[in-house]
Amino acid sequence: MAKYVLKRLLLLIPVLIGVTFFVFTILAVAPYDPVTVILGDGATEEAIEGMREELGLNDPLLVRYVNYIWDLLHGDFGKSYKTRLPVADQILRRFPNTILLATCSMVIAIVLGIPLGILSAKKQYSLLDNVATVGGLVSVSMPNFWLGLLLVILFALKLRWLPSQGMGEDPVAILKSLILPSITLGTGIMASIMRMTRSSVLETMRQDYIGTARAKGISEGRVTVRHMLKNALIPIITISALQFGNLLGGSMLTETVFSWPGVGRYMLDAIKTKDTPAIMGSVILMSVSFSIMNLLADILYAFVDPRIKSQYRSARRKKSFKGEGAAS
Amino acid sequence: MNETTVGKARSLGADAWYRFKKNRLAVLSLIVLLAMVLVAFSTFVIDWATDSSIYEAKVITQDLRRRLEPPSWEHPFGLDEFGRDMLLRVIWGARYSLFMGMAAVFGATLLGGFLGAISGFYKTADNIIMRLMDILLAVPTILLATAIVAALGTSKINLIIAILISQTPTFARVVRASVLTVKEQEYIEAARAMGASDMRIILRHIIPNSLSPLIVQCTMSVASAILSIASLSFIGLGIQAPMPEWGAMLSNARTYIRDSWHITVIPGAAIMVTILMLNIIGDGLRDALDPRLKN
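Note that the structure is a prediction, hence the values are computed from the model and not measured.

All names here are of chain A. The terminal C-alpha atoms of helix 4 (residues 61-73), which comprises 13 residues, lie 18 Å apart, in line with the 18 Å expected from a rise of 1.5 Å per residue. Taken residue by residue, helix 4 has R64, Y65, Y68, I69 and L72 as its buried positions. For helix 4, the buried positions fall inside an angular range of 130° around the axis, keeping them on one side. What points out from helix 4, more than 90 degrees from its buried face, is the exposed set W70 and L73. On its buried face, helix 4 is in contact with helix 1 (2-28) and helix 13 (276-304). The positive-phi residue at the C-terminal boundary of helix 4 is G75, with phi of around 80°.

A few words on a negative patch on the surface. All names here are of chain A. A surface patch of like charges, here negative, comprises E45, E49, E53 and D59. Relative to the helices and strands, E49 resides in helix 3 (residues 45-55). What makes E49 partly exposed here is its relative accessible area of 42%.

This part is about the packing of aromatic side chains. Following the criterion strictly, the structure yields 10 aromatic pairs over all chains and no others. Centre to centre, the rings of F145 of chain A and F234 of chain B are 4.4 Å apart; their planes meet at 25°, and the pair counts as stacked. Of this pair, F145 of chain A sits in helix 7 (residues 144-158) while F234 of chain B sits in helix 10 (residues 211-234), on two different chains. When its relative accessible area of 1% is taken as the criterion, F145 of chain A is described as buried. Linked through ring pairs, F21, F24, Y65 and Y68 of chain A together constitute an aromatic cluster. Of note, R95 of chain B hangs over the ring of F44 of chain B, and the distance from its end group to the ring centre comes to 4.8 Å. Between the NZ or CZ atom of R95 of chain B and the centre of the ring of Y55 of chain B, over which it lies, the distance is 5.4 Å.

This paragraph deals with the layout of surface pockets. When its volume is computed, the second largest pocket comes out at roughly 1200 Å³. Lining the second largest pocket are 31 residues, and of these T133, R195 and R198 of chain A together with D283 and D287 of chain B sit closest to its centre. Taken together, the residues that form the lining of the second largest pocket break down as 13 nonpolar, 8 polar and 10 charged.

The next subject is the confidence of the model for chain B. All names here are of chain B. Confidence in the prediction for chain B averages 87 pLDDT; 95% of positions are at 70 or higher. Residue range residues 1-5 is modelled with pLDDT below 50. Its contacts to residues more than four positions away, or to other chains, number 2 contacts. Predicted complex, confidence summary: ipTM 0.86, pTM 0.87.

Once that is clear, we can look at the domain arrangement of chain A. Residue and element names in this part refer to chain A. When its domains are assigned, chain A resolves into domain 1 (2-73) and domain 2 (88-321). Taking only C-alpha atoms, the centre of domain 1 and the centre of domain 2 are 33 Å apart. On the domain 2 side, the residues contacting the 15 residues of domain 1 number 17 residues. Across the contact surface, domain 1 and domain 2 share 1 salt bridge. Close ionic contact of D298 with R8 constitutes a salt bridge, the shortest N to O distance being 2.6 Å. For the side of domain 1 that touches domain 2, the secondary-structure elements that each account for two or more residues are helix 1 and helix 4.

With that settled, the discussion passes to the interface of chain A and chain B. Contacts between chain A and chain B engage 40 residues on the former and 38 residues on the latter. Interface area, chain A with chain B, both sides summed: about 3400 Å², of which 80% is carbon and sulfur. Looking at the side of chain A facing chain B, the largest losses of area belong to S141, F145 and W146 of chain A, adding up to 17% of the total buried there. At the junction of chain A and chain B, the tally comes to 1 salt bridge. Across the pair D283 of chain B and R195 of chain A runs a salt bridge, and its minimum N-O distance is 2.6 Å.

What counts as what
- Counting from 1, residues in each chain are numbered in the order their sequence is written.
- The naming scheme follows written order: chains are lettered A onward, ligands numbered 1 onward.
- Totals for whole chains, interfaces and linings use all residues, but because this is a predicted model, local features are given only for residues with pLDDT of at least 70 and pairs of side-chain atoms are given and counted only at 80 or more.
- Side-chain measures were taken over the full set of non-hydrogen atoms in the model, leaving aside hydrogen atoms and water.
- Secondary structure follows DSSP: runs of H or I at least 4 residues long count as helices, runs of E at least 2 residues long count as strands, and numbering of each begins at the N terminus.
- Multiply 1.5 Å by the residue count of a helix minus one, and that product is the helix's expected span.
- In this scheme, a residue with accessible area under 20% of its type's maximum is buried, one over 50% is exposed, and one in between is partly exposed, where area comes from a 1.4 Å probe on protein chains only.
- The arc under discussion is defined with respect to the helix axis, by the directions toward the C-beta atoms.
- Residue contacts are counted whenever heavy atoms from the two residues lie within 4.5 Å of one another.
- Residues form patches when they are more than 30% accessible in relative terms and have no salt bridge. Like charges link within 9 Å. Nonpolar side chains (Val, Leu, Ile, Met, Phe, Trp, Tyr) link within 5 Å.
- To measure how exposed things are, a 1.4 Å probe is used in the Shrake-Rupley method; for residues, cover is taken only from the protein chains shown.
- Salt bridges, as used here, are contacts in which a Lys or Arg side-chain nitrogen is within 4 Å of a carboxyl oxygen on Asp or Glu.
- Lys and Arg are tallied as positive, Asp and Glu as negative. Neither His nor the chain termini are counted.
- To locate a charge, take NZ of a lysine, CZ of an arginine, CG of an aspartate or CD of a glutamate.
- Centre distance within 6.5 Å is the pairing criterion for rings of Phe, Tyr and Trp, where only the six-membered ring of Trp is used; planes under 30 degrees apart are then read as stacked, over 60 as edge-to-face, and the remainder as tilted.
- Criterion for a charge above a ring: Lys NZ or Arg CZ within 6 Å of the ring centre, and within 35 degrees of the ring normal.
- In this analysis the probe radius is 1.4 Å and the grid spacing 1 Å, with only protein atoms considered; a cavity is a set of points the probe fits into but cannot get out of, a pocket is an open set with protein on both sides within 12 Å along at least five of seven lines, and lining residues have an atom within 4 Å of a point.
- Grid points are joined across faces, edges and corners, and a volume is the space filled by probe spheres set on the points.
- Residues are grouped as follows: Ala, Val, Leu, Ile, Met, Phe, Trp, Tyr, Cys and Pro are nonpolar; Asp, Glu, Lys and Arg are charged; every other residue, Gly included, is polar.
- For every residue, the predictor assigns a confidence score, pLDDT, that lies between 0 and 100.
- Residue ranges for the domains originate in an automatic or database domain assignment.
- Computed with a 1.4 Å rolling probe, the buried area is the accessible surface lost when two parts are put together, summed over both parts.

This is the structure we're talking about:
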């Protein structure tokens, strides 16, 4: 198992090098001059040349990339073109907010999605199942940012229950400001978790061991939780980890709608001001967290499924068995 | 897929269509979607016939005295923040979402399909191509598209290119997977024994036999491309005002969200309905094309 994890971690390195190189290159060849972004249009020839030298823009692309990665590995994301502040501080101050929002959305999605999926599966083709299926399809098809705007209209502007913008200061206010964006991001994920739970439970329901468990006289609740859900859980865990990664790297629209101070909104602001180091830093951070979550999904999958785990274990046992045989 | 088969045998296409027809929800969605495509296409015809005069007068020209008027019999979707008819703007906006989404997915299918077929067929190319695709897949789709548009600058072509690139790896993977399965079949060996060239085997045998997952992926990808176009326009990186793109309309509506609900609800509903139809059709196609579900 440790070998598998290590192998996957090592395979992540070339991918991350590729991602950073790709992002670096497309932003480096972008058809605007960073120097004019910093100095404005009226700068003198001398000032422009000095700035180009200072930013290292006169070096070849590959040299600039290697320098950038070298700094990146030392925790230096460069300085923002606009504010001249270190990008790393700015991003790291906002990243916890993105994680907080993603976590809350996931909690909503899982807490509602799994029970709804189980109910749908157990009462297949009932009214509840049909409503849940149609509702799921609709919420998967809804653009997140539109759902966010609708929630703002209803709960913030008409009913005035919750704030529509920003992040509160004290814990209660933070919690209140988290509700609408979390529902916005959680709804679609809830629907996909529900769908996955439904089909997964439907599959395990037909297994022989469910009949055995019932025949033994185990209560229905226990059969559902201990026998059906536990075995149906594997794909649900995988999809949850993948969706969490998606939230870390793709919630900038919702962050914009709710003025949530996260990395995604920081990146979009940076795009508007053509602030290349800030764009690059945020894209790289979001992609790295997305990739790590994808990796975690794979590892979890191998870890939770005893059938996969036993492959590794039995291979080892066979080996040691052989060893003993040779010794005797 | 020959006409010479005996009895009531159907081709894969006819068979899938037969099963697709039984799914009433999917058929209804297909009809709605085709109607939308037809309406969106007719806007081109109207623009061409009237030299864009209707477009200029009704869709672009502002009438500030009647701004934000709620839905009425005269204007069923109401008027927007500049007093323009929302129904006409939604209709004229359909062409951006539908046709640009389709164009991007068409490009991604060709490019991704090509790369996937090659890497499924040739071992040496496989490693290089799939590692490149892994790199693109390591960035969330919408983030990748945003970064590309941010770098290239905003224009319709760049928007299509960005979405095309961000969708390509999915197609490469789907095609590669089915090529790998089809490649091992006996009829490929038979074709090779008869002296068919690699190109002929790929074009005549492998591609037709790996079409099913590709078709399903296309439908789903158009939905995701439409969402990307709307998203990028919403954050100001896609289609720009005053063009009536749905995401751009939502972006403008945000400013007036306190005054009026209909300009927020309607463009978003248009996006949602389009994506919903495509998702239902995609699900229906998947079931119809899955040979395991054959009775």
